[in-house]
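Each chain is listed here by its residues.
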Amino acid sequence: MLERGPGHHLFLWPLEERVNKSSTSFLLPIFSFLGVVLALASALKSRLDSRENYAAKVGESFITSEQLNKKLSLLSLSNKNQLNSEIRSLALEKLIEEELLIQKALELKIFRNDPIIRNKLVSSVIESVAGHEMARLPKEEDLKSFYQGHPELFSSDMFIKLSAIHFPIKTTREATLASAADFIESAKKSGDFFESAKKNRQVVSSYLPLALLPLTKVRQYIGADLVEVAKSLEEGQISAPIVLGNKVYLLYLSEKRAGKPLAYDRVKENIVFSYNKNRIDQSLKDYLARLKQRGQITRNVF
């Protein structure tokens, strides 16, 4: 039963004194429904308030109070002698001018023709995808699974015994590649890489000690690109021709010793970094795949 109390405010007498059990079961769903309605009304009001609480409207775009406050804080640092009202007006005018220029740029489609703007927009979208992934902290079991699944990333340095030769590109790249291919066939037939290299007048040997060296040391001699190829070779294998600059390289791996796995706790920071990088790369691939599915793409390759 509803009655008026002091000040004419409505209040409820205790339910157990006013209603029987059947009445209670009837009223509870009504109160639940009213609670949902009030919650929805509150959420809607909050959204409307944020839309109405704007600093300016430029066409169909809104400049929010939050944007104004950020700009205001920046201008206040460089305009300490001005009054707050003057700085506020200055900040708002700058935001309006920026919005007008952005709208004009969109109208002129400048972002499609300017490579710097295009790159910036692409970077911003990638950062947005990365930020979404980075906001989710990795679980311990996921990190351990990643650690166990990628032992090559979390091991001590590999040791290799490597030989590197190159053919200078003097005429054409195709001719030099053909010479390198002929050398590979010759070395395979003779079974002696080093003897074949000595007999071939075109070959230039790269200075690299013929000894077991850690990859970090080999990288200092021949560079990161060639080391990445060397890591994938098996013992006794000659690489495919590698074009770098004005040279065509061949690598021969005599011996390889894999590194030992490092303790989980010792490399945990590296695990987290590699795991997040892998997760971001995969999220970006999935995101692009979804965009391609939705996009109306016509490829005209010629």
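Residues numbered from 1 in each chain as written. Predicted model: local features only at pLDDT ≥ 70, side-chain atom pairs only at ≥ 80, totals over all residues. Heavy atoms only, no water.

## Things to note about a nonpolar patch on the surface
Consideration 1: Together, L108, I110, I117 and L121 give the surface a local cluster of nonpolar side chains, amounting to about 310 Å² of exposed area.
Consideration 2: With respect to the secondary-structure elements, I117 resides in helix α6 (residues 115–134). (Patch = residues over 30% accessible without salt bridge, like charges linked within 9 Å, V, L, I, M, F, W, Y side chains within 5 Å. Areas by Shrake-Rupley, 256 points an atom, 1.4 Å probe, with all protein chains shown as cover. Salt bridge = Lys/Arg side-chain N within 4 Å of Asp/Glu carboxyl O. Helix = DSSP H or I, 4+ residues; strand = E, 2+ residues; numbered from the N terminus.)

## Observations regarding the nonpolar core
For soluble globular proteins, nonpolar side chains are generally found buried alongside one another.
Consideration 1: Counting 17 residues, the largest nonpolar core has I160, L162, L208, V218, I222, L226 and L251 as the members making the most contacts within it.
Consideration 2: The contacts of V218, once residues within four sequence positions are left out, are I160, L162, L208, L213, G223 and V227.
Consideration 3: Ranked by size, the runner-up nonpolar core spans 13 residues in total, among them F167, F193, A197 and V248. (Core = buried A, V, L, I, M, F, W, Y, C linked by side-chain atoms within 4.5 Å. Buried < 20%, exposed > 50% of the residue type's maximum accessible area, 1.4 Å probe, protein only. Contact = heavy atoms within 4.5 Å.)

## What about the confidence of the model for the chain?
Caution applies to low-pLDDT regions: their predicted coordinates should not be interpreted in detail.
Consideration 1: In this model, the chain carries a mean pLDDT of 80, and residues with pLDDT of at least 70 account for 79%.
Consideration 2: Per-element confidence in the chain is highest for helix α7 (residues 140–149), whose mean pLDDT is 94, and lowest for strand β2 (residues 10–12), whose mean pLDDT is 36. (pLDDT = per-residue confidence, 0-100.)

## So, the environment of Q220
Consideration 1: Within the element layout of this structure, Q220 appears in helix α10 (residues 215–222).
Consideration 2: Taking the C-alpha atoms as reference points, Q220 and L208, twelve residues apart in sequence, are found 9.8 Å from one another.

## Let's talk about the packing of aromatic side chains
Two numbers describe a pair of aromatic rings. These are the distance of the centres and the angle of the planes.
Consideration 1: All chains considered together, the criterion is met by eleven aromatic pairs.
Consideration 2: The interplanar angle of 90° and the centroid separation of 5.7 Å between the aromatic rings of F194 and Y252 together place this pair among those described as edge-to-face. Here the residue F194 occupies a position in helix α9 (residues 193–199), and Y252 occupies one in strand β9 (residues 247–257), the gap between them amounting to 58 residues.
Consideration 3: One aromatic cluster is present, formed by F146, Y147, F154, Y264 and Y275 through successive ring pairs.
Consideration 4: The residue whose ring lies beneath K144 is Y264, and the NZ or CZ to ring-centre distance is 5.7 Å. (Phe/Tyr/Trp six-rings, centres within 6.5 Å; stacked < 30°, edge-to-face > 60°. Lys NZ or Arg CZ within 6 Å of the ring centre and 35° of its normal.)

## What about the pattern of salt bridges?
Consideration 1: With the rule as written, the count across this model stands at ten salt bridges.
Consideration 2: Of the charged contacts in the structure, one is a salt bridge between K70 and E66, with a shortest N-O distance of 3.8 Å. Taken as a pair, K70 and E66 lie in helix α3 (residues 65–78) at a separation of four residues, close to a single helical turn.
Consideration 3: E66 gets classed as exposed once you look at its relative accessible area, which sits at 54%.
Consideration 4: For E228, the salt bridge goes to K231, with nearest N and O atoms at 3.4 Å. Taken together, the positions of E228 and K231, both in helix α11 (residues 224–232) and three residues apart, correspond to about one turn of that helix.
Consideration 5: The class of E228 is partly exposed, set by a relative accessible area of 45%.
Consideration 6: Classification of K231 as partly exposed rests on a relative accessible area of 32%.
Consideration 7: When salt bridges with common partners are traced through the structure, they connect E133, R136 and R279 into a single cluster.

## Some thoughts on α7
Consideration 1: Looking at α7, one finds that the buried residues are L143, F146 and Y147. Along the long axis of α7, the arc covered by the buried residues comes to 100°, so they all point the same way. Turned more than 90 degrees from where α7 packs its buried face, E141 and Q148 sit exposed.
Consideration 2: The inward-facing, buried residues of α7 contact α12 (268–294). (Arc of directions from axis to C-beta.)

## Examining the environment of S73
Consideration 1: Looking at the element boundaries, S73 is found in helix α3.
Consideration 2: A sequence separation of 14 residues divides S73 from I87, and the C-alpha atoms of the two residues are 9.4 Å apart.

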